[in-house]
Amino acid sequence: MCGIVGYIGFREASDVIIKGLKRLEYRGYDSAGIAVLNGDVKVRKGKGKVVNLEKMVAESGAAGTVGIGHTRWATHGEPNDVNAHPHTDGTKNFALVHNGIIENYDALKKELLAKGHVFEGQTDTEVLAHLIEEIQKVAKTDFETAVQMALKQVDGTYGIAIVNKNEPDQIIVARKGSPLLLGIGDDEVFIASDASPIIEYTNKVIYLDDDEMATITREGYQVKTISNIELSKEVHELEMSIEQIEKGGFPHFMLKEIHEQSQTIADCMRGRLMVDQNRIVLGGIEGVLDRLTNAKRLVIAACGTSWHAGLVGEYLLEYIAKLPVEVEYASEFRYREPLIGPDDVMLVISQSGETADTLAAVREARQRGALVLGICNVVGSTIARETDAGVYTHAGPEIGVASTKAFTAQVTVLSMISILLGQRRKVLSEADAAILIKAMSEIPGKVAQITEKQDEIDHISRLFAYAPNFLYLGRSYNFPVALEGALKLKEISYIHAEGYPAAEMKHGPIALIDEHMPVVVLAVTDHTNEKMISNIEEVRARKGRIIAITTESNHDVRNLAEFAITIPDTHDVLTPLLTVIPLQILSYQIAVYRKANVDQPRNLAKSVTVE
Ligand code: M6R
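Remember, it's a predicted structure, so these values are computed and weren't measured experimentally.

Asks: Whenever I open this one, the overall build of the protein chain confuses me. Can you help?
Replies: When helices and strands are counted, the protein chain shows 19 helices and 27 strands. In terms of overall size, the protein chain behaves like a compact globule, its C-alpha atoms giving a radius of gyration of 25 Å where 611 residues would be expected to give roughly 25 Å. Across its three principal directions, the C-alpha atoms of the protein chain cover 80 × 50 × 45 Å. For the protein chain, the residues scored as buried account for 62% of the 611 residues in total. Sequence separation of 24 or more characterises 71% of the internal contacts of the protein chain that already satisfy a separation of 6 or more.

Asks: Any chance you could explain the pattern of salt bridges here in plain terms?
Replies: Here the idea is simple: oppositely charged side chains can pair when their charged atoms come close. According to the stated counting rule, one finds 34 salt bridges in the structure shown. With its nearest N and O atoms 2.8 Å apart, the salt bridge here joins R175 to D210. Of this pair, R175 sits in strand β8 (residues 167-176) while D210 is found in the loop between β11 (204-207) and β12 (212-216), placing the two residues 35 residues apart along the sequence. Judged by relative accessible area, which is 1%, R175 ranks as buried. For D210, a relative accessible area of 21% puts it in the partly exposed group. Note that D267 and R270 form a salt bridge whose closest N and O atoms lie 2.8 Å from each other.

Asks: How should unusual backbone geometry be read in this particular structure?
Replies: With glycine set apart, most residues show a phi of negative sign, and most peptide bonds adopt trans. Following H85, the chain continues to P86 via a peptide bond in cis, the omega torsion being 0 degrees. A positive phi angle, close to 55 degrees, is found at K426, a residue other than glycine. Mapping K426 onto the fold places it in the loop between α13 (405-424) and α14 (430-451). We note that K595 has phi near 55 degrees; this positive angle belongs to a residue other than glycine. Examined against the element boundaries, K595 turns out to sit in the segment after α19 (576-593).

Asks: Please clarify how the site of the ligand should be interpreted in this entry.
Replies: Around the ligand there are 14 residues in total, and S306, S350, S352, T355 and E491 lie nearest to it. In the model, an oxygen atom of the ligand is placed 3.0 Å from a nitrogen or oxygen of the T305 main chain. Here S352 contributes a side-chain N or O atom positioned 2.7 Å from an oxygen atom of the ligand. Its free accessible area being 410 Å², the ligand has 91% of it covered by the protein chains. Looking at the shell around the ligand, the elements with two or more residues in it are α9 (304-320) and α16 (479-493). Element by element, the count of residues in the shell around the ligand is highest for α9, at three residues. Here the residues of the shell around the ligand are counted per class, giving four nonpolar, eight polar and two charged.

Asks: Sorry if this is basic, but what is going on with the sheet that holds strand β27 (residues 563-567) here?
Replies: Note: strands within a sheet are paired through backbone hydrogen bonds, in either parallel or antiparallel orientation. Pairing within the open sheet is parallel, and its five strands lie in the order β24-β23-β25-β26-β27. Each edge of the open sheet is held by one strand with a lone partner, namely β24 (496-501) and β27. Taken over all neighbouring pairs, the strand axes of this sheet differ in orientation by 15 degrees on average, direction set aside. Taken strand by strand, helix α17 (residues 529-541) contacts β23 (469-474), β25 (518-523) and β26 (545-551), and its axis lies near 170 degrees from that of β25.

Asks: Please explain the domain arrangement of the protein chain as it appears in this structure.
Replies: How big an interface is tends to be stated in terms of the accessible area lost upon association of its parts. What the domain assignment reports for the protein chain is domain 1 (3-238), domain 2 (243-441) and domain 3 (447-598). For domain 2 versus domain 3, the distance between C-alpha centres works out to 25 Å. The partner domain 3 presents 27 residues to the 32 residues of domain 2 that form the contact. When the two sides are added together, the surface that domain 2 and domain 3 hide from each other amounts to roughly 2,500 Å², 75% of it contributed by carbon and sulfur. For the domain 2 face of the interface with domain 3, the top three residues by lost area are M254, H308 and Y315, together amounting to 21%. Taken together, domain 2 and domain 3 are joined by zero salt bridges. For the interface between domain 2 and domain 3, the tally reads seven residue pairs in polar contact (both at pLDDT 80 or more). Listed by contribution, the elements that provide at least two residues to the side of domain 2 that touches domain 3 are α6 (253-259), α7 (261-269), α9, α13 and α14.

Asks: In this structure, what is going on with the packing of aromatic side chains? I would like to understand it.
Replies: This structure, assessed with the given rule, holds nine aromatic pairs. On the numbers, 4.6 Å between centres and 15 degrees between planes, the contact of F190 with Y201 is stacked. Linking F190 in strand β10 (residues 189-192) with Y201 in the loop between β10 and β11, this pair joins segments that are eleven residues apart in sequence. Take F190: its relative accessible area is 2%, and that puts it in the buried class. With a relative accessible area of 21%, Y201 lands in the partly exposed category.

Asks: So what exactly am I meant to see when it comes to the packing of α14 against α19 here?
Replies: When two helices pack together, their arrangement is captured by the angle between the axes and the distance separating the axes. Where α14 meets α19, the closest approach of the two axes is 10 Å, and the angle between their N-to-C directions is 25 degrees. It follows from the interaxial angle that α14 and α19 lie roughly parallel. Read as a crossing pair, α14 and α19 show a hand that is right-handed. Within the contact between the two elements, α14 uses I443, K446, V447, I450 and T451 and α19 uses L577, L578, I581, P582 and I585. Here the contact of α14 with α19 is composed, by residue class, of eight nonpolar, one polar and one charged.

Asks: What exactly am I supposed to notice about the sheet that holds β12 here?
Replies: Spatially, the seven strands line up as an open sheet ordered β5-β6-β7-β8-β12-β13-β14, and their pairing is antiparallel. The sheet is open, and its two borders are formed by β5 (87-88) and β14 (230-231), each paired with just one other strand. Helix α4 (residues 124-139) rests against β5, β6 (94-99) and β7 (158-164) of the sheet, and its axis sits at about 135 degrees to β6. Relative to β7, helix α5 (residues 143-152) is tilted by about 155 degrees, and along the sheet it contacts β6, β7, β8, β12 and β13 (221-225).

Asks: Would you explain the environment of K490 in this entry?
Replies: Following the sequence through the fold, K490 ends up in helix α16. Residues K490 and D455, 35 residues apart in the sequence, show an inter-C-alpha distance of 22 Å. Setting aside residues up to four positions removed in sequence, K490 forms contacts with I495 and A497.

Asks: Help me understand the pairing of strand β9 (residues 181-184), please; the structure alone is not making it clear to me.
Replies: For a regular strand, side chains alternate in direction, first toward one face of the sheet and then toward the other. Of the two faces of β9, the one lined by L181 and G183 and the one lined by L182 and I184 are each fully buried. Across three bridges, the pairing between β9 and β11 is antiparallel. What sits directly across from L181, in β11, is Y207. With four bridges connecting them, β9 and β10 associate as antiparallel partners. By the bridge assignment, L182 is partnered in β10 with I191.

Asks: What is the right way to read the nonpolar core from this model?
Replies: Inside soluble globular proteins, nonpolar side chains tend to come together where they are buried. Of all hydrophobic cores here, the largest spans 96 residues; its most connected members are I285, F470 and Y472. If you look at the next biggest cluster of nonpolar residues, it comprises 29 residues, including L21, L24, V57 and I198.

So, how was this worked out
Residues numbered from 1 in each chain as written. Predicted model: local features only at pLDDT ≥ 70, side-chain atom pairs only at ≥ 80, totals over all residues. Heavy atoms only, no water. Helix = DSSP H or I, 4+ residues; strand = E, 2+ residues; numbered from the N terminus. Rg over C-alpha atoms; globule rule 2.2 N^0.38 Å. Buried < 20%, exposed > 50% of the residue type's maximum accessible area, 1.4 Å probe, protein only. Contact = heavy atoms within 4.5 Å. Salt bridge = Lys/Arg side-chain N within 4 Å of Asp/Glu carboxyl O. Near = heavy atom within 4 Å. Polar contact = N/O pair within 3.5 Å; in protein donor to acceptor, adjacent residues only side chain to side chain. Areas by Shrake-Rupley, 256 points an atom, 1.4 Å probe, with all protein chains shown as cover. Nonpolar A, V, L, I, M, F, W, Y, C, P; charged D, E, K, R; others polar. Pairing = 2+ DSSP bridges. Axes fitted to C-alpha atoms, helices over the stretch in contact; angles between N-to-C directions. Domains from an automatic or database assignment. Buried area = accessible area lost by both parts, 1.4 Å probe. Phe/Tyr/Trp six-rings, centres within 6.5 Å; stacked < 30°, edge-to-face > 60°. Parallel < 35°, antiparallel > 145°, perpendicular 65-115°, else oblique. Left-handed = near helix turned anticlockwise from the far one by under 90°. Core = buried A, V, L, I, M, F, W, Y, C linked by side-chain atoms within 4.5 Å.

Now the structure itself:
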């Protein structure tokens, strides 16, 4: 969701910024723009892709070594050339890019209109630019102070970067709610919404926190609070590599990430799943293990795919650790006076670690005294930093908007937490723990066997690529996987798809089934097998087209289904780590057949930083 890149140094700013904006494309956007200082403020911007901006810059020029750039995901005002960022003030002295939402923009705009300001577009960002201009004019302050004063009047969230022709050797940035980091090089500083545009230049970064701003020059930076208190910030070292954010020969990031899963699950378990010692070591939550072990209940909060992982976690934690779990949509959590307090533990799950709704749930629960733990993928992300403790998924950068490897890594962490708590709560015998730990150690190899079946799944994808609807059914641990399969398909192929607990089919969705309806059933050999077979019969009786994801040993399901995709047998509770893989491949292939933009589906953003 919206991306910011900025540069001050000795290189051509537009080269660094456009390359950086391309790296941020995965976040989702509808327009792009750049402002470079060179005596004047040169703004180039427009609706559409960064390549269009690149052409515009090549044709009209934007030379200079100080600049800012932006990819916009529309919130206020339609996606068009005028509403694209950067926005200038009325005097055109400075240009500003902004991620987030200024909630009181309407009231501010009315005041500014009354004072004679004229606006070109409909965005909240342009209002902020004019507000800074107005304050500087009236209060006769220096520019940095005017920015501080304006930000104090703003309700909402922002990550901003500003270049000013009257301060040609600096960029001002500020953050509240929208991530921003600085990359520190030699005689150059980079600014970005996440590390991907920076990693090829430097691995030294500073994460800005909320209510902080920085004035950046070629020689360095000065960080202070919006209230002007100087701060000394820790410089972190990035562990990410440039290879991790490139496609590595795959046509799409999503396919690369699907194939990476045998490796990412192994990475997630490395040093944590101790098969020889029959134990799990999770360093990130060691300090809070007693409180977690003795918790009466656990509240899991997350959004989207991470919420689905949370639902799998509910089954795992209740079955293995006998710990009562409630799974909440993070977006709903704080709007209903949640009953959570100092005796409770909340676990939030987020790939990006920046999802605004999940972050709001973290803050709400912490304010009410709960212990809040996180499962995050992005190291150093806001949620990772604001939770009391947590476990990183170590899946590496996930660039495809549709989450794949993050989901399996999240479920891997949840499986490990369940076993660890099961042992500590003395509800899981050593023998059963050994069976589970061994089964987990075999998962990466089994995932690789499934990704090798890509061609086998292809003919099913081709056949159903133009189906208008899909139904996904699962029971128990595989009910959340049915939800996840449906979400994957709708996100990237734009086919309407619904996931249901299989037994719910007869309470409504069965009315939809006819000879045109593909029904994906997750029918592994477990305690739900008989019931799933009955559901398959019910669909068959109405001529529905059964695509079964089933275990190799399940001959009954294989014989009944019109199409069967098999996964290797594993422990029942771990089947979600395998059943989800063919669903990811199916969605991917269907989207490719439909010529959809797999990695950057329409209207979606990778990191949803607005509520
Ligand atoms: O970064 P997060 O895990 O917090 O993101 C949550 C959702 O926005 C995310 O899972 C979304 O649903 C994905 N597009 C799913 O593929």
